[in-house]
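Each chain, letter by letter, is given below.
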Amino acid sequence: MDNAPNLTPVLGRYFERTWSHGEGHRLYDTDGKAYLDFANGIAVTALGHGHPRVNAAIHAQVDRLLGPISAVGYTEPVSRLATELAATLPDPLDSVFFLNSGAEAIDGALKLVRRVTGRPGIIAFRGGFHGRTFGATSVTTSNVNYRTGYEPLVPGVYIAPYPAAYPAFGGDEEAASAACLAALRSLFDAVIAPSEVAAMLIEPVLGEGGYNPAPATFLRGLRELCDEHGILLIIDEVQTGLGRTGRMWAFEHAGIVPDVVCVAKAIANGLPLSAIVSSRDLQERWGRSAHGSTYGGNPVACAAGLAVLETIREDRLVENAAERGRELVAGIGRIAAEDERIGDIRGPGLMVGVELVRNRETSEPDGALADRLMAASADAGLLVLLCGREHQVVRWIPPLNVTAAEIAEAVEIFGESLASLPAD
Ligand SMILES: Cc1ncc(COP(=O)(O)O)c(C=O)c1O
């Protein structure tokens, strides 16, 4: 705090260090100490720091044209990124609305579905995090602190249980899926008629909420329910998107096609950029000037986005995320075999959550231990973050181009850090 006396105390920070610069997968503090960065600004610098191709694209675009804003006309990198992004998504997801942040994409998507369907209701899922604007806050339930003091929030939001298999279902994905689909049907029977619901909004893997993947059966069931009742399905890929889970888009694991996809974070490797993607038909029905943004989709961020997509494709980073993710889970599994304080390890890809517990039998979360472990790992030169309502989950977000050697190095630091902490 002393190193930034005039910065707001409101913003929560994982570390009190001051960062000087980044090179590849290392972040350096102002004392010159290097850290293996498996946090990446919470899944933002997914290609690491100072990526040559991305930085060259940014420099070139800065010199060519910073503006104009989208409302004034078209610029080549913006139009081209829309085409390239659409090409990564299945039909009919071919229309891209650029904004600046994840929360803005969620807010815009909520407006889209209400206007297009003429229905008020939004169903979101317990434990979800979708951002800090009023709309995004209204669908966020990963921690009550994000909502406290802000009521009344946007009305018409209904919260259903998220199918987190651990700990509530002892890791049984099918049981979690069946129970949560039943809860949705009961919501329709007792609380809101499906004909009043514009959309369901879900993270395919809970991010802030604890790195819990939604079982494929559940997402398929959600798709069927939406089709049955004319409800639109919004998938929040802000944290999971662009290869993070070992597929380009996390919804691909379930073999479904959403109606709306929200994208942000990794898309421009650190510059502010987000997108709402849907079919052309939906955005035409949304209507001209129904939404807008001064800065959304600026050419510099879009030039970075093009370099990011090209790098992911040419360097086969989706495949790398899947392979390195398996190594990471296996490495942590070897630590868990020796240490009862690890209750669960879950993927997919390079979005790995490690849940710390007081006791494997009870699965009682141990946020205090996770906190000490994050600090000890950082002291030993590895940056990992926490998530989950009690901050009991160590979340691993390595860069997509991480190497096997770096995974091994990180696992070793993590294991030694955990071993250094006495059980209480
Ligand atoms: C899944 C998800 N959705 C939305 C957001 C909000 O994004 P932003 O902070 O860019 O507004 C986040 C941020 O962590 C997120 O993880």
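Relevant structure appears above.
How each quantity is defined
- Residues numbered from 1 in each chain as written.
- Predicted model: local features only at pLDDT ≥ 70, side-chain atom pairs only at ≥ 80, totals over all residues.
- Heavy atoms only, no water.
- Phe/Tyr/Trp six-rings, centres within 6.5 Å; stacked < 30°, edge-to-face > 60°.
- Buried < 20%, exposed > 50% of the residue type's maximum accessible area, 1.4 Å probe, protein only.
- Helix = DSSP H or I, 4+ residues; strand = E, 2+ residues; numbered from the N terminus.
- Lys NZ or Arg CZ within 6 Å of the ring centre and 35° of its normal.
- Pairing = 2+ DSSP bridges.

*Asks:* Mind showing me how you'd approach the packing of aromatic side chains here?
*Replies:* Considering all chains together, one arrives at eight aromatic pairs under this definition. Here the aromatic rings of F15 and W19 are separated by 6.5 Å at their centres, their planes lie at 90°, and the arrangement is edge-to-face. Overall, F15 belongs to the buried group, its relative accessible area being 12%. Owing to a relative accessible area of 31%, W19 belongs among the partly exposed residues under this scheme. With a centroid separation of 5.8 Å and an interplanar angle of 90°, the aromatic rings of F125 and F218 are classed as edge-to-face. Here F125, found in strand β5 (residues 121–125), pairs with F218, found in helix α7 (residues 216–229); they are 93 residues apart in sequence, far enough to count as distant. In this structure an aromatic cluster arises from ring pairing among F15, W19 and Y35. In this arrangement the basic side chain of K33 is found over the ring face of Y35, its NZ or CZ atom lying 5.2 Å from the centre.

*Asks:* Explanation requested: unusual backbone geometry in the structure shown.
*Replies:* Excluding glycine, residues mostly have negative phi values, and the peptide bonds linking residues are mostly trans. Residue P92 is bonded to the preceding D91 through a cis peptide linkage, with omega at 0°. The residue after Y166, namely P167, is reached through a cis peptide bond having omega 0°. With respect to the element layout, P167 can be found in the loop between β6 (157–160) and α6 (173–190). If you check the backbone angles, N40 has positive phi at about 55° while not being a glycine.

*Asks:* What is the right way to look at the pairing of strand β9 (residues 260–263) in this model?
*Replies:* On any regular strand, side chains alternate: one points to one face of the sheet, the next to the other face. Here β9 shows a buried face lined by V260 and C262 and a second buried face lined by V261 and V263. Strand direction decides the pairing type here: strand β8 (residues 232–236) and β9, joined by three bridges, are parallel. Across the sheet, the residue bridging to I234 is V260, located in β9. Summarising the sheet, β9 and strand β10 (residues 274–278) pair through four bridges and their orientation is antiparallel. Bridge assignment links V261 to a residue of β10, and that residue is V277.

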